[in-house]
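# Secondary and tertiary structure notes
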Amino acid sequence: MTSNPIHIIGGGLAGSEAAWQIASAGIPVKLHEMRPVRGTEAHKTDGLAELVCSNSFRSDDAQANAVGLLHAEMRLADSLIMACADANQVPAGSALAVDREGFSQAVTAKLEAHPLITIEREEVAGLPPEAWNQVIIATGPLTAPNLASAIQAQTGADALAFFDAIAPIVHFDTIDMNKAWFQSRYDKVGPGGTGKDYINCPMDKDQYYAFVQALIDGGKTEFKEWEGTPYFDGCLPIEVMAERGVETPRHGPMKPMGLTNAHNPQTKAYAVVQLRQDNALGTLYNMVGFQTKLKHAEQVRIFRMIPGLENADFARLGGLHRNTYLNSPTLLDHSLQLKSRPGLRFAGQITGCEGYVESSAIGLLAGRFAAAERNGTPVSVPPYTTAFGALLGHITGGHIVSDDEPGKRSFQPMNVNFGLFPPVEAPKTAGKRLRGKDKIVAKRHAITSRAIADCREWLGLPALPVVEEVAEAAE
């Protein structure tokens, strides 16, 4: 075992996962986290892997959902983030959601207790010294200005940025359950769930149109120094959705499909606002898809227009912060190493992935790549047929440059999705080709079965019979 540590800058999800993977390979780690020496616009604690937006890791369905598949692959790879998420889950239908405080505390405790991990509470104000010959920068979307400037100077390219908005959190005991009801969409039961894991607030057509108009007219927080920064479509503020079309929210987070009003089963709601449990006690619920840049007073006024939330008490109101990421396909190689400086890797959202799970997965890969290099073994990139490989492929090369706009950067942050995987033929049933929804489901199952098998081989795990592959990985 070498005594020369690998340095990691940033103690978020990606940095924490990278540290765990490296230490698990028998290599010492120094994890540098600037909080509480220096705070950020979004973090509230000094805990490692603090969740600053939603508390959801999204779908846990490893057979039919790409992020659920990524969950399964990370569990196979002994992911710290997934282990702590599983240990701190709260009911959320078919999704995996966590008690945010318990989750962060668990990650922090695991890393503090590991004999090969040293946590340094300090800001690294510039690029790491050359003496740190193996470094992972996992500073995320809130990279400190001095370090961001140093990265720009090293790469010779400007980092892009996009807005990331935070959803409000409501105290459960202030929700009027005579108007709202518990139900998961289509009564779907997920990990730790009952099929009644969301609180649903219904709106008729008049209420919906009045609400959407209020969103459009409401006062917004403006950040002139960030103007021109594009939003990431997976995290649009609710008022921006409304501005794109009066029906847009109703086909997004406010869609009424799969829900029946327990108080009035005969009347179909025109739109529904859902709230998801945010802590293990069940005392806090966050407004699903309601990221916002509305001013705080406007949030209270407008969101109390929602039936059931007329007297809502908000534990946290929505906010807005800036995300910064690299032009990774140009700057990074397939092992996430900066082409202009060997030994310097990047991980997490700063690489241009989006989402807690995706950021953690890229941290996992960066940690494994750095550990392999330090141990003098070949760096093995996961097959592109796996969720790991599909996400890595997007970050390091999966984009198209527009001929119509020469010089315009086309690389954008993206969640893992089946569109990133190599195509697969839908299996036939009794010699007949499947069509429609059946064909889509069959293709997804084929992709996930192939992915789990290839991931097990990449990790050096024994192969399983085809029928057991996805089922075991999802457990």
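Residues numbered from 1 in each chain as written. Predicted model: local features only at pLDDT ≥ 70, side-chain atom pairs only at ≥ 80, totals over all residues. Heavy atoms only, no water.

### As for the overall build of the protein
Cut-off, in case you're wondering: Only DSSP runs of H or I covering at least 4 residues are called helices, and only runs of E covering at least 2 are called strands; the numbering of each starts at the N terminus. It only takes one pair of heavy atoms within 4.5 Å for two residues to be counted as in contact. Surface exposure here means Shrake-Rupley accessible area, sampled with a 1.4 Å probe, where a residue is shielded only by the protein chains that are shown.
Counting its secondary structure elements, the protein contains 13 helices and 16 strands. Long-range pairs, those at least 24 residues apart, make up 71% of the contacts in the protein with a sequence separation of at least 6. In the structure as shown, the protein presents an accessible area of about 19,900 Å², 52% of it carried by carbon and sulfur atoms.

### Digging into the sheet that holds strand β14 (residues 314-316)
The criterion, for reference: Here, any two strands with at least 2 DSSP bridges between them count as paired.
Taking strand neighbours across the sheet as the criterion, the six strands line up as β10-β11-β12-β13-β9-β14 in an open arrangement whose pairing is antiparallel. Looking at which strands have only one partner, the edges of the open sheet turn out to be β10 (181-182) and β14. Alignment of strand β9 (residues 169-171) against strand β13 (residues 284-287), held across three bridges, turns out to be antiparallel. Within β13, the residue paired with I169 across the bridge is N286.

### Thoughts on the sheet that holds strand β16 (residues 344-346)
We count it as follows: Axis definition: a line fit to C-alpha positions, over the contact stretch in the case of helices; interaxial angles, taken between N-to-C directions, run 0 to 180 degrees.
Read across the sheet, five strands follow the order β6-β2-β1-β7-β16 without closing on themselves; strand pairing throughout is parallel. In this open sheet, the two strands that pair with only one neighbour each are β6 (117-121) and β16. Direction aside, neighbouring strands of the sheet carry axes that sit 20° apart on average. As judged from the three bridges shared by strand β1 (residues 6-9) and strand β7 (residues 135-137), these two strands associate in the parallel manner. The residue bridging I8 from the neighbouring strand is I136, located in β7.

### A closer look at the packing of helix α2 (residues 66-76) against helix α12 (residues 436-459)
As a reminder of what qualifies: For this classification, under 35 degrees means roughly parallel, over 145 means roughly antiparallel, 65 to 115 means roughly perpendicular, and everything else is oblique. Each crossing is labelled by how the near helix is turned from the far one, with a counterclockwise turn of less than a right angle marking it left-handed and a clockwise turn marking it right-handed. For this classification, the nonpolar set comprises Ala, Val, Leu, Ile, Met, Phe, Trp, Tyr, Cys and Pro, the charged set comprises Asp, Glu, Lys and Arg, and every other residue, Gly included, is treated as polar.
Where α2 contacts α12, the two axes come as close as 10 Å, and the packing angle between them is 20°. In terms of their interaxial angle, α2 and α12 are classed as roughly parallel. At the point where α2 passes α12, the crossing takes the right-handed sense. Of the residues in α12, those in contact with L69, A72, E73 and L76 of α2 are T448, A451, I452, C455, R456 and L459. Each residue belonging to the contact of α2 with α12 can be placed in one class, and the counts come to seven nonpolar, one polar and two charged.

### Brief notes about a positive patch on the surface
Heads up, the rule is: Residues enter patches when their relative accessible area tops 30% and they take part in no salt bridge; the joining distance is 9 Å for like charges and 5 Å for the nonpolar side chains Val, Leu, Ile, Met, Phe, Trp and Tyr. By salt bridge we mean one thing: a side-chain nitrogen of Lys or Arg within 4 Å of a carboxyl oxygen of Asp or Glu. The charge count includes Lys and Arg as positive and Asp and Glu as negative, but it does not include His or the ends of the chains. Where a charge lies is defined by one atom per residue type: Lys uses NZ, Arg uses CZ, Asp uses CG and Glu uses CD.
A contiguous patch of positive charge on the surface is contributed by K428, R433, R435, K439 and K443. The residue K439 is located in helix α12 in this model.

### Things to note about the nonpolar core
To keep things clear, this is the line we draw: Remark: nonpolar core denotes a set of buried residues (Ala, Val, Leu, Ile, Met, Phe, Trp, Tyr, Cys) joined through side-chain atoms within 4.5 Å. Relative accessibility under 20% of the residue-type maximum defines a buried residue, over 50% an exposed one, and the middle range a partly exposed one, all with a 1.4 Å probe and only protein chains included.
Ranked by internal contacts, the top residues of the largest apolar core, which has 85 residues, are F57, F103 and F388. In terms of residue count, helix α10 (residues 356-374) provides more of this core than any other element does, 10 residues in total. Among all residues touching F388, those that are not within four sequence positions of it are L70, E73, M74, A77, A361, L364, L365, P382, C455 and W458. A180, M203, Y285 and L294 belong to the second-largest nonpolar core, a separate cluster that totals 31 residues.

### Quick word on the pattern of salt bridges
Enumeration according to the criterion identifies 12 salt bridges in this entry. Across the pair E120 and K30 runs a salt bridge whose closest N-O atoms are separated by 4.0 Å. Residue E120 is found in strand β6, and its partner K30 is found in strand β2 (residues 29-33); the two are separated by 90 residues along the sequence. Taking the relative accessible area as the measure of exposure, E120 reaches 26% and is therefore partly exposed. Given the relative accessible area of 29%, K30 is considered partly exposed. Linking R75 and D86 is a salt bridge whose minimum nitrogen-to-oxygen distance equals 2.8 Å. Residue R75 is located in helix α2, and its partner D86 is located in helix α3 (residues 80-87); the two are separated by 11 residues in the primary sequence. Among the residues examined, D86 registers a relative accessible area of 32% and is labelled partly exposed. One salt-bridge network, in which partners are shared between bridges, spans E33, R35 and E50.

### Some points on α3
Convention followed: Contacts described as polar in this section are N or O atom pairs within 3.5 Å, which, within protein, must combine one atom able to donate a hydrogen with one able to accept it, while residues neighboring in sequence count only if both atoms come from side chains.
Turning to α3, its buried residues number three or more, namely L80, I81, M82, C84 and A85. The N-terminus of α3 is capped by S79, whose side-chain oxygen sits 3.3 Å from the backbone nitrogen of I81.

### Some points on helix α4 (residues 100-113)
To keep things clear, this is the line we draw: Expected helix span is given by 1.5 Å per residue-to-residue step, counting one fewer step than there are residues.
Relative to the 20 Å expected for 14 residues at 1.5 Å per residue, α4 spans 20 Å between its end C-alpha atoms, a close match to the ideal helical length. Within α4, burial applies to R100, G102, F103, S104, V107, T108 and L111. The N-cap of α4, judged by a side-chain oxygen 3.1 Å from the amide nitrogen of E101 a few residues on, is D99.

### So, the packing of aromatic side chains
Heads up, the condition is: Note on ring pairs: Phe, Tyr and Trp rings are taken, using the six-membered ring of Trp, and paired if centres are within 6.5 Å. Classes follow the plane angle, with under 30 degrees stacked, over 60 edge-to-face and the rest tilted. Think of it as a cone above the ring: NZ of Lys or CZ of Arg counts as a charge over the ring if it is within 6 Å of the ring centre and within 35 degrees of the ring normal.
This model, assessed by the stated rule, comprises 12 aromatic pairs. The interplanar angle of 65° and the centroid separation of 6.5 Å between the aromatic rings of F182 and Y285 together place this pair among those described as edge-to-face. Note that F182 is positioned in strand β10 and Y285 in strand β13, a separation of 103 residues in sequence. Site record: aromatic cluster; members linked through ring pairs are F57, F103 and Y356. Here the guanidinium or amino end of R250 rests over the ring plane of Y270, the centre of that ring lying 3.9 Å away.

### Some words on unusual backbone geometry
Of note, A49 is a non-glycine position whose phi angle comes to about 55°, a positive value. Mapped onto the elements of the fold, A49 is located in the loop between β2 and β3 (56-59). Non-glycine residue L336 carries a positive phi angle of around 70°. When you line up the elements, L336 lands in the loop between α9 (328-331) and β16.

### Examining the confidence of the model for the protein
The test is simple: How sure the predictor is of each residue is captured by pLDDT, a score from 0 to 100.
Confidence in the prediction of the protein, expressed as mean pLDDT, is 88, and 88% of residues score 70 or more. In the model, residues 402-409 has pLDDT below 50 throughout and makes six contacts with residues more than four positions away in sequence or in other chains.

### Examining the side chain of H32
Considering the arrangement of structural elements, one finds H32 in strand β2. Here H32 falls in the buried class, since its relative accessible area comes to 4%. In this structure, H32 is in contact with H7, I8, I9, G10, G11, E120, E122, V124 and W132, ignoring residues within four places of it in sequence.

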